[in-house]
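Given next are the chains, with one letter for each unit.
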Amino acid sequence: MPHSSDISADTSANSSSDSSGGNSGGSAGSSAGGDSSGSRSRERSHERFSADSAAESNSLPRLFVAKLVHFTKKLVRIFTRPMRGDKGEGGVIVHPYRGYGSHSEAFIMGRVFRQPGRLAGWKQGGVASDLVDVARRVVRHGVRDARVDIRMGATHATVTTDRDGYFHAHVDITHTLPADAIWHTVKLQVVSEDDAISTETEIYIPPASTDLIVISDIDDTVMYTGVANKLKMLYRLFMEKADRRTAFPGVSALYRALYGGAEENRKRPMLYVSRGPWAIYEVLETFFNMNNIPVGPILFLREWGMTLKRPWPRKAQDHKSDVINNMLALYDTLPFILIGDSGQRDPEVYAEIVKAHPDRVRAIYIRKVDNDPERDAAIEALAHEVREAGCELILAHDSVSMAEHALSKGYISEEGCEAVREDTRQQQRQ
């Protein structure tokens, strides 16, 4: 057994060697300690990684649920918007849509519903009231043969609803409208029902300075998904960032440029047509506002008439040509621009309109949404046909192509065209 003094001396020597790293034994000890420490560090890192991975895995379902709840709340608020006009009391109410017209006549559309009221305990608002309103909207029904009183200033008319409660009023304006206003208020009241609730809507009447009318398809022309996949459209509209929403790149800037014209203050009529049902009217209104697209009357080509007794939509013929012909007759002194897409029969419908109304349509812009050489060749043949009637048909790959042609013809300003280029670049980068 060594003496204590020897132990002290050895400890001192080893300590000195360890601190200086002078002998191999000290170095080996240090290395062994380092391996042990490194192993423990790696174990701790692995444990932290496993814990972080587990936490991330656990957070993903929570994130999805949170986004789903957010999406559902927004969708419910939009879906129940028409129900809030009765303040939960129920009764007969007019659900109007934006109208349009000239200084001599106006067209007003809407539907008359009978809807139940909320019970007293559900009238305070909140999520529960919204869910009750969803149920109220599902069970409400159109009122046939209802007489709707229409008042627009000194102009007065009465119209009767059809079997599904819809009405399409053509009103002769009997008074002079304010020259500086383009949106005019219309009051609506069902006079054939005792428990009817009055409401209001707006109609667009172009100013005297208007030089051009723009009519645009919506499905696959302004937005990607159209009505064929409404849930996907709604998801992208309310859950994704603004730059990833359903609008094509550059569309909002292009339509603002067309709205303003070369002088940027024209306030041209922007009329939109859709193959969807009237039930998605609020969704499209929200889409236009969120994407900063100029608002205008939305003209639906179908009246699906869905009810609990008849849950499937009635098939309807596409009356797009009739709608556009009506616009040509209403604004009979103004030229038009028509915008559509290559996926449907827009080029054929528009070409027939040009042939029937020579020199009324200045340009047709067709957004290319497919990769079909035969389809491209067919559209190019239509372009040759309409050129002989004084119209240009442009098959465009993007909004920039449309904007550059419009600029070359003086339909939009240089600033407007550059805004389309920049808007498209930003969305494509993102």
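Above this note sits the structure.
Treat the numbers as computed from the prediction; the structure is a model and nothing was measured.

Colleague: Mind showing me how you'd approach the overall build of the chain here?
Modeller: From N to C terminus, the chain includes eleven helices and 15 strands. The buried share of the chain, taken over its 430 residues, is 46%. Considering only contacts within the chain whose residues lie at least 6 apart along the sequence, 70% involve residues at least 24 apart. Within the structure as shown, the chain displays about 21800 Å² of accessible surface, and the carbon and sulfur contribution to it stands at 52%.

Colleague: Help me out: how do you make sense of the nonpolar core in this one?
Modeller: Among soluble globular proteins, nonpolar side chains are generally buried collectively. Grouped together as the largest cluster of nonpolar side chains are 72 residues, with contacts concentrated most on Ile215, Tyr255, Tyr331, Phe336, Ile364 and Tyr365. For this core, the element with the highest residue contribution is helix H5 (residues 251-260), accounting for six residues. Membership of the second largest hydrophobic core comes to 23 residues, among which are Val143, Phe167, Leu188 and Val190.

Colleague: Looking at this structure, I do not really get the side chain of glutamate 285. What am I missing?
Modeller: Within the secondary structure, glutamate 285 sits in helix H6 (residues 281-290). Only 2.9 Å separates the side chain of glutamate 285 from the side chain of arginine 98, close enough to count as a polar contact.

Colleague: Explain unusual backbone geometry here, please?
Modeller: What you tend to see is this: most non-glycine residues have negative phi, and most peptide bonds are trans. The backbone of glutamate 264 sits at a positive phi, close to 70°, despite the residue not being glycine. Turning to its location among the elements, glutamate 264 is positioned in the loop between H5 and strand S11 (270-274). For asparagine 292, which is not glycine, the phi dihedral falls at a positive 60°. Mapped onto the secondary structure, asparagine 292 falls in the loop between H6 and strand S12 (298-300).

Colleague: Please explain helix H8 (residues 346-356) as it appears in this structure.
Modeller: Helical geometry note: an α-helix holds 3.6 residues per turn, so side chains three or four residues apart project in the same direction. In terms of burial, H8 is largely enclosed, as eight of its eleven residues are buried. On its buried face, H8 sits against strand S10 (213-217), helix H7 (320-330), strand S13 (336-341), strand S14 (361-367) and helix H9 (373-387).

Colleague: I tried to follow the packing of H5 against helix H11 (residues 414-429) on my own but got confused; where do I start?
Modeller: The relative placement of two packed helices comes down to the angle between their axes together with the axis-to-axis distance. The geometry of H5 relative to H11 is characterised by a closest axis approach of 8 Å and an angle of 170° between their N-to-C directions. Overall, the two elements H5 and H11 adopt an arrangement that is roughly antiparallel. Residues Val251, Ser252, Ala253, Leu254 and Ala257 of H5 form the contact with H11, whose participating residues are Gly416, Ala419, Val420 and Asp423. In terms of residue class, the contact of H5 with H11 is built from six nonpolar, two polar and one charged.

Colleague: Hey, could you run me through the packing of aromatic side chains in this one?
Modeller: For the structure shown, the criterion picks out five aromatic pairs. With a centroid separation of 5.3 Å and 70° between ring planes, the pair formed by tryptophan 183 and tyrosine 204 is classed as edge-to-face. In this pair, tryptophan 183 is assigned in strand S7 (residues 183-190) and tyrosine 204 in strand S9 (residues 199-204), connecting sequence segments 21 residues apart. With a relative accessible area of 3%, tyrosine 204 lands in the buried category. When the centroid spacing of 6.2 Å and the interplanar angle of 10° are considered together, the rings of tyrosine 255 and tyrosine 272 count as stacked. Note that tyrosine 255 is positioned in helix H5 and tyrosine 272 in strand S11, a separation of 17 residues in sequence. When sorted by exposure, tyrosine 255 lands in the same class as tyrosine 272, which is buried. Grouping aromatic residues by their ring pairs yields a cluster made of Tyr255, Tyr272, Phe287 and Phe288. Over the ring of tryptophan 183 we find arginine 98, and its NZ or CZ is 5.5 Å from the ring centre. In this arrangement the basic side chain of arginine 367 is found over the ring face of phenylalanine 248, its NZ or CZ atom lying 4.4 Å from the centre.

Colleague: Whenever I open this one, H9 confuses me. Can you help?
Modeller: An ideal rise of 1.5 Å per residue puts 21 Å on 15 residues; H9 measures up with 21 Å between its terminal C-alpha atoms. The distance from a side-chain oxygen at the start of H9 to the backbone nitrogen of glutamate 374 is 3.1 Å, and the residue carrying that oxygen is aspartate 372.

Colleague: Is there a simple way to think about the pattern of salt bridges in this case?
Modeller: Oppositely charged side chains may form a pair once their charged atoms are brought near each other. Counted by the stated rule, this structure contains 22 salt bridges. Between aspartate 164 and arginine 163 there is a salt bridge, and its shortest N-O distance comes to 4.0 Å. Take aspartate 164: its relative accessible area is 8%, and that puts it in the buried class. Beyond isolated ion pairs, a larger network of salt bridges with shared partners links Glu404, Glu414, Glu418, Arg421, Glu422 and Arg425.

Colleague: Please explain the pairing of S13 as it appears in this structure.
Modeller: Look at any regular strand and the pattern is simple: side chains alternate between the two faces of the sheet. Burial runs high along S13: six of the six residues are buried. Here S13 shows two buried faces, one formed by Phe336, Leu338 and Gly340 and the other by Ile337, Ile339 and Asp341. For S10 and S13, the ladder comprises four bridges, and the chain directions are parallel. The partner of isoleucine 213 across the bridge, within S13, is phenylalanine 336. Relative to S14, S13 is paired through six bridges, and the arrangement is parallel. For isoleucine 339, the partnering residue across the bridge sits in S14 and is tyrosine 365. Crossover connection from S13 via H8 to parallel S14: handedness right-handed.

Thresholds, definitions, all that
Residues numbered from 1 in each chain as written. Predicted model: local features only at pLDDT ≥ 70, side-chain atom pairs only at ≥ 80, totals over all residues. Heavy atoms only, no water. Helix = DSSP H or I, 4+ residues; strand = E, 2+ residues; numbered from the N terminus. Buried < 20%, exposed > 50% of the residue type's maximum accessible area, 1.4 Å probe, protein only. Contact = heavy atoms within 4.5 Å. Areas by Shrake-Rupley, 256 points an atom, 1.4 Å probe, with all protein chains shown as cover. Core = buried A, V, L, I, M, F, W, Y, C linked by side-chain atoms within 4.5 Å. Polar contact = N/O pair within 3.5 Å; in protein donor to acceptor, adjacent residues only side chain to side chain. Axes fitted to C-alpha atoms, helices over the stretch in contact; angles between N-to-C directions. Parallel < 35°, antiparallel > 145°, perpendicular 65-115°, else oblique. Nonpolar A, V, L, I, M, F, W, Y, C, P; charged D, E, K, R; others polar. Phe/Tyr/Trp six-rings, centres within 6.5 Å; stacked < 30°, edge-to-face > 60°. Lys NZ or Arg CZ within 6 Å of the ring centre and 35° of its normal. Expected span 1.5 Å × (residues − 1). Salt bridge = Lys/Arg side-chain N within 4 Å of Asp/Glu carboxyl O. Pairing = 2+ DSSP bridges. Right-handed = clockwise from strand over helix to strand, strands pointing away.

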